[in-house]
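# Understanding the architecture of this molecule
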Amino acid sequence: ALKHIQRNLDVELRGVKQCLNLKHPNLVALYNIRYDDHGDGWVVMEYVSGKSLQEVIDTNPEGLPLDQMRHWLQGIATGTAYLHDHGIVHRDLKPGNLFLDGGLVKIGDYGLSKFISVSRRSGQTESVGTFHYMAPEIGKGNYGKEIDIYALGVILFEILTGKVPFDGESSQEIIMKHLTD
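The paragraphs below set out a description of the structure included in this document. (Residues numbered from 1 in each chain as written. Predicted model: local features only at pLDDT ≥ 70, side-chain atom pairs only at ≥ 80, totals over all residues. Heavy atoms only, no water.)

So, on to the nonpolar core. Counting 34 residues, the largest nonpolar core has Leu53, Trp72, Ile76, Leu98, Ile155 and Ile159 as the members making the most contacts within it. Sorting the residues of this core by element identifies α1 (9–19), β2 (30–35), β3 (41–45), α2 (53–58), α3 (66–85), β6 (104–107) and α4 (146–161) as the ones contributing at least two each. Once you skip the residues sitting within four places of it in the chain, Ile159 turns out to touch Leu53, Ile57, Gly63, Leu64, Met69 and Trp72. Residues Met134, Ala135, Ile138 and Ile147 belong to the second largest nonpolar core, which totals six residues. (Core = buried A, V, L, I, M, F, W, Y, C linked by side-chain atoms within 4.5 Å. Buried < 20%, exposed > 50% of the residue type's maximum accessible area, 1.4 Å probe, protein only. Helix = DSSP H or I, 4+ residues; strand = E, 2+ residues; numbered from the N terminus. Contact = heavy atoms within 4.5 Å.)

See the structure below:
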């Protein structure tokens, strides 16, 4: 499969480059970065034919059965642990980036991934991630593995109930609920 990098080129390319050599059954394999005649970047990656977790949740508005929840959670947690063991924080775990392919849960979209630096975890000032899954630590500039763990908790809540724990009319309202509720 090919993914055209349309925005945040430097951020996405950095994330993809850090993950090119990672190989795990629960990660969408990344093979290469290529450029076209216009200088646009394209990520060459494994094609995943299955549904995203978002599509599965949308067809189960009251939540998934427990056996399906366990399968998704085990795959997501195993893939995330592998990333963390290799010093990588995904930073945008959400149902739209999680896929089922041939019975395997796969984590995709490494565009916001960042190498964990022991000496400086707060080196980035721009917000990353998706508001509904964004950990409070991001507001403090911390981008360690705890933000993936927090997102995993939000995803688990959504798998079980069919809805996110914090919703609102604006991104600011959602972020405030993550910080205060």
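What follows continues from the structure just given.
Quick look at unusual backbone geometry now. Of note, Arg91 is a non-glycine position whose phi angle comes to about 75°, a positive value. Relative to the helices and strands, Arg91 is located in the loop between β4 (88–89) and β5 (98–101).

Further remarks concern a nonpolar patch on the surface. Taken together, Phe131, Ile175, Met176 and Leu179 make up a surface patch of nonpolar side chains, about 340 Å² in accessible area. For Phe131, the location among the structural elements is in the loop between β7 (114–115) and α4. (Patch = residues over 30% accessible without salt bridge, like charges linked within 9 Å, V, L, I, M, F, W, Y side chains within 5 Å. Areas by Shrake-Rupley, 256 points an atom, 1.4 Å probe, with all protein chains shown as cover. Salt bridge = Lys/Arg side-chain N within 4 Å of Asp/Glu carboxyl O.)

So, about the sheet that holds strand β1 (residues 2–4). Taken in spatial order, the three strands make up an open sheet running β1-β3-β2, and their pairing is antiparallel. Pairing within the sheet leaves two strands with one partner each, and these edge strands are β1 and β2. Strand-to-strand twist across the sheet, computed as the mean angle between neighbouring axes with direction ignored, equals 25°. Pairing analysis gives three bridges linking β1 to β3, with the strands arranged antiparallel. The residue of β3 that forms the bridge with Leu2 is Val44. (Pairing = 2+ DSSP bridges. Axes fitted to C-alpha atoms, helices over the stretch in contact; angles between N-to-C directions.)

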